[in-house]
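Fold and contact review
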Amino acid sequence: DGGITQSPKYLFRKEGQNVTLSCEQNLNHDAMYWYRQDPGQGLRLIYYSQIVNDFQKGDIAEGYSVSREKKESFPLTVTSAQKNPTAFYLCASSGSHGELFFGEGSRLTVL
Amino acid sequence: AQSVTQLDSQVPVFEEAPVELRCNYSSSVSVYLFWYVQYPNQGLQLLLKYLSGSTLVKGINGFEAEFNKSQTSFHLRKPSVHISDTAEYFCAVSSFMFSGGYNKLIFGAGTRLAVHP
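Residues numbered from 1 in each chain as written. Chains lettered and ligands numbered in written order. Predicted model: local features only at pLDDT ≥ 70, side-chain atom pairs only at ≥ 80, totals over all residues. Heavy atoms only, no water.

Residues and elements named next belong to chain B. Relative to strand β6 (residues 44-50), strand β5 (residues 32-38) runs antiparallel, the two sharing 6 bridges. Considered in β6, the bridge of Q38 is made with L44. Counted along the chain from β5 to the antiparallel partner β6, the turn is 5 residues long, and its residue N41 has a positive phi close to 55 degrees. (Pairing = 2+ DSSP bridges. Helix = DSSP H or I, 4+ residues; strand = E, 2+ residues; numbered from the N terminus.)

Here it is in structure tokens:
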């Protein structure tokens, strides 16, 4: 079935460590996105990519990095510079009519 | 700049009762509007969308929403809710740019719908 796959579902990180969240899509979409979700704050855009080898900062990019070497893949690295990384992270891609398709999310907890 | 306000953070309702989740937006340009549903520890699923045309939009699971340009609102309604409708609901607005298929959605803070037996 077509969709977006995020892994891992749950991830624990020690302070000072970088971690990478995986996002793969088989929907043949050009644009992909990473959002962060915190309780009571809705979703906030971290990074987005419109095409391969190109990506742009969103509203809260500090402490995060991404790459887009393949159309299907858009991994997110949460670096040690991110001061408060504990959150639920959602990857998405956009279809031709503007709607976003989301993965199941990855929950990161800093120990 | 665009913004979205969901007027209720929580909405309790009894099973089989009607429900309305309110959403207002602000934008200086034409917008596209969406409602998403999120069940615990899952991603967001699209309920319905307004791009153009009829202002009454029907979605999945018996939900519908009405676009009101003069009141800048896009309220979500369901005539009879079920226990399984208990979830978080997000309203979102975008100024969809067809070039490159880029769509930056601005989300509201969410409304938690709790359906009680």
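Following the structure, the description resumes.
What follows deals with the environment of V57 of chain B. Residue and element names in this part refer to chain B. Turning to its location among the elements, V57 is positioned in strand β7 (residues 56-58). In this structure the C-alpha to C-alpha distance between V57 and S80, which are 23 residues apart in sequence, comes to 17 Å. If we ignore the near neighbours within four places in the chain, the residues touching V57 are L48, K49, Y50, F63, E64 and A65. (Contact = heavy atoms within 4.5 Å.)

The subject of this paragraph is the interface of chain A and chain B. Chain A puts 27 residues into the contact, and the matching count from chain B is 22 residues. Summed over both partners, the interface of chain A with chain B comes to about 1900 Å²; 52% of that surface belongs to carbon and sulfur atoms. On inspection of chain A and its partner chain B, the count reaches 1 salt bridge. Residue K49 of chain B pairs with E99 of chain A through a salt bridge whose shortest N-O separation is 3.2 Å. Of all the secondary structure elements, the ones that give two or more residues to the side of chain A that touches chain B are β4 (32-37), β5 (43-51), β9 (87-94) and β10 (100-102) of chain A. Among the elements that make up the side of chain A that touches chain B, the one with the highest residue count is β5 of chain A (4 residues). For the side of chain A that touches chain B, the residue count by class is 11 nonpolar, 10 polar and 6 charged. (Buried area = accessible area lost by both parts, 1.4 Å probe. Salt bridge = Lys/Arg side-chain N within 4 Å of Asp/Glu carboxyl O. Nonpolar A, V, L, I, M, F, W, Y, C, P; charged D, E, K, R; others polar.)

The subject of this paragraph is the state of the cysteines. Residues and elements named next belong to chain A. Tallied over the full model, the rule gives 2 disulfides over all chains. Linked covalently through their sulfurs, C23 and C91 form a disulfide whose S-S length is 1.9 Å. Linking C23 and C91, the disulfide has an S-S dihedral of approximately -75 degrees and is accordingly described as left-handed. Taken together, the positions of C23 in strand β3 (residues 19-25) and C91 in strand β9 put the pair 68 residues apart, joining distant regions of the chain. Among the residues examined, C23 registers a relative accessible area of 0% and is labelled buried. (Disulfide = S-S within 2.5 Å. Buried < 20%, exposed > 50% of the residue type's maximum accessible area, 1.4 Å probe, protein only.)

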